Amino acid sequence: MVWILPIAAGREKVTTVPPEKMAEASQIAKRADSMLARKFFEDAALEYQKALAITPGDHVMQNKLGIAYHQLQNLEMAKKQYDRARKINPKYHEAWNNLGTVNYSLKKYKRAVKDYRKALEINPESATTHHNLGAAYFAMKKYEEGFASYAEAFRLDPTILDRISTRGTIIRTAEVNQGIQNFYLAKLFVTNGQPEKALTYLLKALETGFSDYEKITKDPVFKVLAQDERLTRMISQKNEPAP
């Protein structure tokens, strides 16, 4: 197997790996994948390092090592690995997505948006990345853009909001402005014919600080829920003056 490694701007290094060493790296990588799946992240990182010592040009494995570091909350090392993966293969959208999640965690939301948009240029059908882009927009208080991104993620994969990760990418859940995010998720579910799920998110919205009650009671999309006893009771409780 021949690997082409970028070593500087406009320069590349070509390395050839004998078949027997490729087979060895493959076996090590399988062990690492198993450890990653079982959440033995430190062990997985060590095994990926061993495999990459043989096949440093494997962008998928560089990305997986980044995921192991990411799960260990070593964001600096995770970012370094994702960078290596996307430099080896600039069209590898998983690495761009995961770079975005690192920047999101570092509260560099504009940078995260750029990374997610780059990933979507490569793979516009990635529900995961649309979801992550939505989380970044919500963090930036760009709620309509966030809602639009969530809606596209939901269109591509109606189960996306019930999952937290996929094989090669990391899904970023919003950690800020959760009350408003939950309101918009309720709007997403009610417009897609899932009123019970919408109600769950409306109640979560109220629990996490959403207080613009007129948006619930006067928005036509919530008409089916506006008189629900569970919702009206909670709004009434929230409106009660503090003792």
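Summarised in this report is the structure supplied together with it.

## Overview of the overall build of the protein
What the protein contains, in helices and strands, is 12 helices and two strands. Along the protein, helices (α) and strands (β) appear in the sequence β-β-α-α-α-α-α-α-α-α-α-α-α-α when read from the amino end. The burial tally for the protein puts 49% of its 243 residues in the buried class. Partitioning the contacts of the protein with sequence separation of at least 6, the portion at a separation of at least 24 is 54%. Accessible surface computed for the protein: about 12,900 Å², of which carbon and sulfur atoms make up 52%.

## A closer look at helix α1 (residues 19-37)
Between its first and last C-alpha, α1 extends 27 Å over 19 residues, near the 27 Å set by a 1.5 Å rise per residue. M22, A25, I28, A29, A32, M35 and L36 are the residues of α1 that are buried. One side of α1 carries all its buried residues, which in axial view fall inside an arc of 135 degrees. Among the exposed residues of α1, those oriented more than 90 degrees off its buried face are P19, E20, K30 and A37. Immediately beyond the C-terminal end of α1, within one or two residues, lies K39, with a positive phi of roughly 70 degrees.

## Quick notes on the packing of aromatic side chains
We describe a pair of aromatic rings using the distance from one ring centre to the other and the angle between the two ring planes. Across all of its chains, the model carries 11 aromatic pairs by this definition. Seen in terms of ring centroids, Y104 and Y109 are 5.3 Å apart; in terms of plane orientation they differ by 65 degrees. Their pairing is edge-to-face. This pair shows no difference in class: Y104 is buried, exactly as Y109 is. With a centroid separation of 5.3 Å and 40 degrees between ring planes, the pair formed by F138 and Y150 is classed as tilted. Within this pair, whereas F138 is found in helix α7 (residues 127-139), its partner Y150 is found in helix α8 (residues 143-156), the two being separated by 12 residues in sequence. Here Y150 falls in the buried class, since its relative accessible area comes to 2%. What links up through ring pairs into an aromatic cluster is the set F138, Y143, F147, Y150, F183, Y184, F210 and F222. Stacked on the ring of Y201, the Lys or Arg K204 has its end atom at 4.7 Å from the ring centre.

## Considering helix α3 (residues 59-71)
Owing to its 3.6 residues per turn, the α-helix aligns residues three or four sequence positions apart on the same side. When the terminal C-alpha atoms of α3 are compared, their 19 Å separation across 13 residues agrees well with the 18 Å that a helix rising 1.5 Å per residue should span. The buried fraction of α3 amounts to 11 of the 13 residues, a majority that puts the element mostly inside the structure. By the burial criterion, the buried members of α3 are H59, M61, Q62, N63, K64, L65, G66, I67, A68, Y69 and H70. Check the buried side of α3 and you find it contacts α1, α2 (41-54), α4 (75-88) and α5 (93-105). The backbone nitrogen of V60 has a side-chain oxygen 3.1 Å away, supplied by the residue at the start of α3, namely D58.

Calculation rules
- Residues numbered from 1 in each chain as written.
- Predicted model: local features only at pLDDT ≥ 70, side-chain atom pairs only at ≥ 80, totals over all residues.
- Heavy atoms only, no water.
- Helix = DSSP H or I, 4+ residues; strand = E, 2+ residues; numbered from the N terminus.
- Buried < 20%, exposed > 50% of the residue type's maximum accessible area, 1.4 Å probe, protein only.
- Contact = heavy atoms within 4.5 Å.
- Areas by Shrake-Rupley, 256 points an atom, 1.4 Å probe, with all protein chains shown as cover.
- Expected span 1.5 Å × (residues − 1).
- Arc of directions from axis to C-beta.
- Phe/Tyr/Trp six-rings, centres within 6.5 Å; stacked < 30°, edge-to-face > 60°.
- Lys NZ or Arg CZ within 6 Å of the ring centre and 35° of its normal.
- Polar contact = N/O pair within 3.5 Å; in protein donor to acceptor, adjacent residues only side chain to side chain.

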